[in-house]
Structure formats: structure tokens, C-alpha cells
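Architecture at a glance
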Amino acid sequence: MKLLITAGPTREHLDPVRFLSNRSSGKMGFAVAQAAVERGHTVTLVAGPVTLPTPEQVFRVDVVSALDMLAAVRRLLPYQHALVMCAAVADWRPKSQSDTKLKKTEVPIEVALEPNPDILKTMLPLKEDRIFVGFAAETGDPLAEAQRKLTSKGLDLIVANDVTRPDAGFEVDTNLVTFLTPSEPPRALPLQSKLDIGRAIVDWLEQRERAAPNIT
Ligand code: PMT
């Protein structure tokens, strides 16, 4: 299969040195990419600003902001069988961005924000028979929120992770996730390495592809 995977955070710059972002290290998305090439799939990885090396045989496209990531996904999606959105995309960006470093006295105490587009929702009209997988990073009730996102974003699978645990979610090498689909009961996986979770996601994609071959 041809897989488009996103990973890492986005940065929403206020000026060339200051930005809004989040704690995503890229480890989870890079692990999915690694697992997919191990199985012989063709992987394009759209990465936000992270310090990880590119897995062998992965074609990597680096981006900075949510708008950059949206542009890259829009450009690359037509060539793919599946989109796996593991990136932690910033939902907001500063309303104005300065090309030069703002002086201390010029930085507003309150920064005006505007919403970023939702990449998954924006790509929904181009989905056709492609498989869309999302992640849900939750601090409250992970399953209820993930269920809501599964439906509202038109996904085939959402991987819910509770990002409040020290051994799961952002930055660490392990994760604790539950798979939710529109048609099956939730499947909770045991705590394991992000690479093994990547392999479980690839298993799911392969099974889904066998059940409904994608001719795109
Ligand atoms: O990178 P690591 O340090 O390894 O951490 C991994 C992770 C915690 C970042 C990862 O496992 C994870 O949960 N990624 C998704 C984080 C997230 O943004 O979740 P969300 O619930 O805010 O978004 C739901 C889905 O919509 C995600 O698939 C997201 O990529 C997508 N989204 C979100 C916002 C937006 N503007 N456009 C989107 O497409």
C-alpha cells in the first residue's frame, strides 16, 4: 500500500523566534512509518519540527505550521491508499506574524489567535475509497472524545491515547491505546512500545485493505 503518515507537532510562529506548539516528539508517527516500511509498504512521512532521524526507505517532507502540513497533505493524498494523521496539529495560530523579531515592548500581552483548518475534515471530500486513520490525544474521557472525533472527522479508525499517563502519549517510547472503528467494539491494546503499536496499526490497515481492496 501507499501510506501518507503525519507526525510531530506544528509550530505557529508569532515572529521568527517565538511560536505556539505542543509536546509531540514525532515518535509515534515515525514508529508507524517504520512499521509500515518493515512490511514493504511505500511511506511518505510529513513531519513537523522534530529531531528524529528518518527511517530508512521513508520519503520525508518537513513542514512547520498547520497550514504547511495541510498543503503537503493536500498535494500528496491523491497518490495514497491511506492517510494516518498522527501529528499533533495546533488548532490555533497567532492572527498576525511578524517577519522580524518583535522587540519586548512590541509583543502584545494578549496574543490574538485564529483557528487553523482541521486537516482531516478538509481532506474528507477527497477521501473516496482511501482509508483515513486519526489519533485522539485526550486528558478527560479518552473513549467518549475519541468516539466523537471518529464520527465528526469521518474516520475508519481512531487510535485513542490517554496523554495524562507518564508511560503513554507525548514524548515517551511507549503508548497505551484503544482502537475505535465505526462498526466494531473498542479494542484496548496493552501498554507496549510505539513501534509495536505502529505494527498493530499496519496489521489493521492490511486487514482492512484485504476486506475492501482499494483501487485508487
Ligand atoms: O509525537 P509523540 O511525542 O510520540 O506523541 C504522540 C501523540 C500523543 C502526539 C500521538 O499519539 C497523538 O495522539 N496524535 C494526535 C494528537 C492530536 O492532535 O489529537 P487531537 O485529538 O487534537 O486531534 C484528533 C485528530 O485530528 C488527529 O488525528 C489530528 O492529527 C487531527 N487534526 C487535529 C487538528 C487539526 N487542525 N487537524 C487535524 O487533522
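Look up: the structure comes first, before these words.
In this text the structure is predicted, and so the values were computed from the model without any measurement.

What follows concerns the sheet that holds strand E5 (residues 59-62). Strand order in this open sheet of eight strands is E5-E4-E1-E6-E9-E10-E12-E13, and the pairing throughout is mixed. Sheet topology places E5 and strand E13 (187-188) at the edges, where each strand pairs with a single neighbour.

Moving on, we get to the site of the ligand. With respect to spatial proximity, 28 residues lie near the ligand, and among them Ser-24, Ser-25, Lys-149, Asn-161 and Glu-171 are the closest. Lys-149 is positioned with one of its side-chain polar atoms (N or O) 2.5 Å from an oxygen atom of the ligand. Its free accessible area being 770 Å², the ligand has 96% of it covered by the protein chains. In terms of residue count, strand E9 (residues 131-138) provides more of the shell around the ligand than any other element does, five residues in total. Across the shell around the ligand, the residue classes break down as 13 nonpolar, seven polar and eight charged.

For the pair helix H1 (residues 27-38) and helix H5 (residues 194-211), the least separation of the axes is 8 Å and the interaxial angle reads 55°. Taken together, the axes of H1 and H5 are oblique relative to one another. Of the two elements, H1 crosses H5, and the hand of that crossing is right-handed. On H5, the residues touching Lys-27, Met-28, Ala-31, Val-32, Gln-34, Ala-35, Ala-36 and Glu-38 of H1 are Lys-194, Leu-195, Ile-197, Gly-198, Arg-199, Ile-201 and Val-202. Broken down by class, the residue content of the contact of H1 with H5 amounts to nine nonpolar, two polar and four charged.

What follows concerns the pattern of salt bridges. Counting across every chain of the model gives 16 salt bridges. For Arg-93, the salt bridge is made with Glu-114, and the minimal N-O distance between the two is 3.3 Å. With a gap of 21 residues between them, Arg-93 in strand E7 (residues 92-94) and Glu-114 in strand E8 (residues 113-115) connect regions that are remote in the sequence. Accessibility expressed as a relative area gives 25% for Glu-114, which makes it partly exposed. Of the charged contacts, one joins Arg-199 and Asp-196 as a salt bridge, the two residues approaching to 2.8 Å between their closest N and O atoms. One end of the pair, Arg-199, and the other, Asp-196, are both in helix H5, three residues apart, so they sit about a helical turn from each other. Salt bridges sharing common partners tie together Glu-38, Asp-196 and Arg-199.

Assignment of secondary structure puts Glu-106 in the loop between E7 and E8. Using a relative accessible area of 46% as the deciding quantity, one classes Glu-106 as partly exposed. Taking the C-alpha atoms as reference, Glu-106 lies 34 Å from Val-61; in sequence the two are 45 residues apart.

How each quantity is defined
Residue numbering note: each chain is counted from 1, following its sequence as written. The predicted origin of the model limits local features to residues at a pLDDT of at least 70 and limits the giving and counting of side-chain atom pairs to 80 or more, whereas totals for whole chains, interfaces and linings rest on all residues. The basis for every side-chain value is the complete set of non-hydrogen atoms in the structure, without hydrogens or water. Two strands qualify as a pair provided that DSSP identifies no fewer than 2 bridges between them. Numbering goes from the N terminus for both helices and strands, where a helix is a DSSP run of H or I of at least four residues and a strand is a run of E of at least two. Any residue with a non-hydrogen atom lying within 4 Å of a molecule or strand is treated as near it. Nitrogen and oxygen atoms within 3.5 Å of one another constitute a polar contact, given that in protein one can donate a hydrogen and the other can accept it, and given that sequence-neighbouring residues count only through two side-chain atoms. Using the Shrake-Rupley algorithm and a 1.4 Å probe, accessible areas are obtained, with residue cover drawn only from the displayed protein chains. In this count, Pro and Cys sit with the nonpolar residues alongside Ala, Val, Leu, Ile, Met, Phe, Trp and Tyr, while Asp, Glu, Lys and Arg are called charged and the others, Gly among them, polar. Here an axis means a line fitted to C-alpha atoms, over the contact stretch when the element is a helix, while the angle between two N-to-C directions is reported on a 0 to 180 degree scale. Roughly parallel covers angles under 35 degrees, roughly antiparallel covers those over 145, roughly perpendicular covers 65 to 115, and oblique covers all other angles. Each crossing gets its handedness from the near helix: less than a right angle anticlockwise from the far helix is left-handed, clockwise is right-handed. In this analysis, two residues are considered to be in contact whenever any of their non-hydrogen atoms come within 4.5 Å of each other. Whenever a carboxyl oxygen of Asp or Glu lies within 4 Å of a side-chain nitrogen of Lys or Arg, that contact is scored as a salt bridge. Per-residue accessibility, obtained with a 1.4 Å probe over protein chains only, is compared with the maximum for each type, and a residue is labelled buried under 20%, exposed over 50%, and partly exposed between these values.

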